Amino acid sequence: MRLVVLVSGSGSNLQAVLDAVSAGTLEVQIAAVGADRPGTGGVARSADAGIETFVVNFKDYATRSDWDEALLAAVAAYQPDYVLSSGFMRIVAAGFIEAFPGRYLNTHPALLPSFPGAHGVRDALAYGVKVTGCTVHIADAGVDTGPILAQTAVAVRGDDTEESLHERIKVAERELLIRVLGELTA
Ligand code: GAR
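Visitor: Got a minute to help me understand the site of the ligand in this structure?
Guide: Taken together, 15 residues form the shell around the ligand, and within it Ser10, Gly11, Ser12, Lys170 and Glu173 come nearest. Here an oxygen atom of the ligand sits 2.9 Å away from a polar atom, N or O, in the main chain of Asn13. Here Lys170 contributes a side-chain N or O atom positioned 2.7 Å from an oxygen atom of the ligand. In isolation the ligand exposes 450 Å². Once the protein is present, 93% of that is buried. Among the detected pockets, the ligand sits in the largest pocket.

Following this line, the structure appears as structure tokens:
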């Protein structure tokens, strides 16, 4: 399975995928890792691992549709079987979804359809839920919407902060992501 991974941040979930690939427990080929801005940890980690990287910097494009086109061209050039949004904090255009039908995956730190968006952990904590978790799903052109592939529940503790809860969710999220990718390659 050829995979292109998109990141906007530190890429700690991506690191777990890289580790599973190098340990031989996950048989995917990471064709490239791309970001929407320069200086992400995700791109740095990938470059360290000898993986091709690219940046389609949102701020370099005059219009949203110029950026959409550039992102699609950059990803499509690698002819991926699947594209994974691993902390990629931008909604892709409908044309992107059409180019990779059922093959654009996203991981989210909440039990969707609850708490979509950029602050899934903060919003769940603020609401006062006692159980939250993580979701891996096939993404459509909405905000964290599309068919759910797998979820893991994570209990919220009374003394949790956004950071402590997100860290515990990420432990579950990494395991879930690697399991789902493994199932897709089977
Ligand atoms: C992950 O928890 C991912 O689910 C979340 O960003 C984090 C990225 O962490 N994505 C979203 O919130 C998407 N709505 P990482 O860069 O350390 O892997």
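Now, onward.
Visitor: Teacher, can you tell me more about the sheet that holds strand β1 (residues 2–7) here?
Guide: Hydrogen bonds between backbone atoms are what pair the strands of a sheet, whose relative direction is either parallel or antiparallel. Strand order in this open sheet of seven strands is β3-β2-β1-β4-β5-β6-β7, and the pairing throughout is mixed. What marks the edges here is a single partner per strand, and that holds for β3 (53–55) and β7 (148–155). Strand-to-strand twist of the sheet, defined as the mean angle between neighbouring strand axes without regard to direction, takes the value 20 degrees. Where strand β2 (residues 29–35) meets β3, three bridges bridge the pair, whose relative direction is parallel. Bridge pairing links Val33 to Thr53 in β3. Against the sheet, helix α2 (residues 41–48) makes contact with β1, β2 and β3, and its axis sits at roughly 145 degrees relative to β2, the strand it touches most. Lying over the sheet, helix α3 (residues 64–76) contacts β1, β3 and β4 (82–85), oriented at roughly 145 degrees with respect to β1.

What counts and what doesn't
- Residues numbered from 1 in each chain as written.
- Predicted model: local features only at pLDDT ≥ 70, side-chain atom pairs only at ≥ 80, totals over all residues.
- Heavy atoms only, no water.
- Near = heavy atom within 4 Å.
- Polar contact = N/O pair within 3.5 Å; in protein donor to acceptor, adjacent residues only side chain to side chain.
- Areas by Shrake-Rupley, 256 points an atom, 1.4 Å probe, with all protein chains shown as cover.
- 1 Å grid on protein atoms, 1.4 Å probe; cavity = no way out; pocket = protein on both sides within 12 Å on 5 of 7 lines; lining within 4 Å.
- Sits in = over half its atoms within 2 Å of the grid points.
- Pairing = 2+ DSSP bridges.
- Helix = DSSP H or I, 4+ residues; strand = E, 2+ residues; numbered from the N terminus.
- Axes fitted to C-alpha atoms, helices over the stretch in contact; angles between N-to-C directions.
- Contact = heavy atoms within 4.5 Å.

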